[in-house]
Amino acid sequence: MAGDWFTSRAGLADTVAVVTGGAGGLGSAIVRDLASNGVRTAVVDRDEKAARALQETLPEALVQVGDVREEPTLRRLFDAVDSRWGRLDILVNVVGGTFRAPFTETGPRGWDALIRTNLSHVLHACALAVPRIQAGGRGGSIVNVSTIEAHRAAPGFAVYAAAKAAVEQFARTLAVELAPDGIRVNNVAPDYVPTPSLRPLGQEGDGALGSPQGLAAAIPMARAGRPEDVSGCVVFLASALSSYVTGTTLHPDGGTHASSGWFNWPDSGWANHVPQRLL
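Residues numbered from 1 in each chain as written. Predicted model: local features only at pLDDT ≥ 70, side-chain atom pairs only at ≥ 80, totals over all residues. Heavy atoms only, no water.

A. The arrangement of a nonpolar patch on the surface in detail. On the surface, a cluster of nonpolar side chains totalling about 290 Å² of accessible area is made up of Val274, Leu278 and Leu279. Its place among the elements puts leucine 278 in the segment after β9 (269-271). (Patch = residues over 30% accessible without salt bridge, like charges linked within 9 Å, V, L, I, M, F, W, Y side chains within 5 Å. Areas by Shrake-Rupley, 256 points an atom, 1.4 Å probe, with all protein chains shown as cover. Salt bridge = Lys/Arg side-chain N within 4 Å of Asp/Glu carboxyl O. Helix = DSSP H or I, 4+ residues; strand = E, 2+ residues; numbered from the N terminus.)

B. Focus on the pairing of strand β6 (residues 183-188). Summarising burial for β6: six of the six residues are buried, a large majority. A two-sided burial pattern is seen for β6, the buried positions comprising Ile183, Val185 and Asn187 on one face and Arg184, Asn186 and Val188 on the other. Judged from the six bridges that link them, strand β5 (residues 140-145) and β6 form a sheet pairing that is parallel. The residue bridging serine 141 from the neighbouring strand is arginine 184, located in β6. (Buried < 20%, exposed > 50% of the residue type's maximum accessible area, 1.4 Å probe, protein only. Pairing = 2+ DSSP bridges.)

C. View of the sheet that holds β6. The seven strands are arranged β3-β2-β1-β4-β5-β6-β7 in an open sheet whose pairing can be described as parallel. This sheet does not close on itself; its edge strands, each paired only once, are β3 (62-65) and β7 (249-250). The pairing of β6 with β7 spans two bridges and is classified as parallel. Bridge pairing links asparagine 187 to threonine 249 in β7. Those strands touched by helix α6 (residues 158-178) are β5, β6 and β7, and its axis lies near 160° from that of β6. (Contact = heavy atoms within 4.5 Å. Axes fitted to C-alpha atoms, helices over the stretch in contact; angles between N-to-C directions.)

In structure tokens:
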């Protein structure tokens, strides 16, 4: 009975979703969870090995290899969706990436790369998706995978944080513009989820975030995020369970957004400053 309730209320069966960056890390978890709920998925990812593995496990999915930073790559995927299913209901933008460097040690080429990786492709994907969802007349959902760094200062990641904040503000405005069409636009902003691309950033130094001590101090729930923590939020926002939710952000981050600079220091407890004994 519980499964019937979720299936009937979620309304995901036989819908169609495009997922950019859907073959590895967070994307793979999102695609698998959507597919498990009856969503027909179309995926593009530049990781050929991951794309091949996804295709083997989800043979009914439409999987293409390509770089979403190139608009023709996105257009090719959307055209393939038109040909195979003739409808679109859901868009999930997963692609993102960054590198650590003080802003003053970066330049225009690096800024452009970060903006193309984290913002520009979202604009292109939405421009292609919105008319197709509107044409169906059924409403739909757009979900952007953002980051907690869009909501707080991120030293060493200034342009990345700015681009992700821009994605979230774009989503809020687009949500208002598309609300009369029943198309919802939301964001999911996780903190540290040790996917292959993010794991190295959490393993710098003995007290790094990825260490047990670092996790216990920095994340109120004292553990790293898991891909399914994020994919569960995406499934909710893609489904009719969130039919009156738009222009907002979910934070599957173990409480780090709520703690906002407070740390659970070992042997000291919660404080928003470094304990004297550690100085």
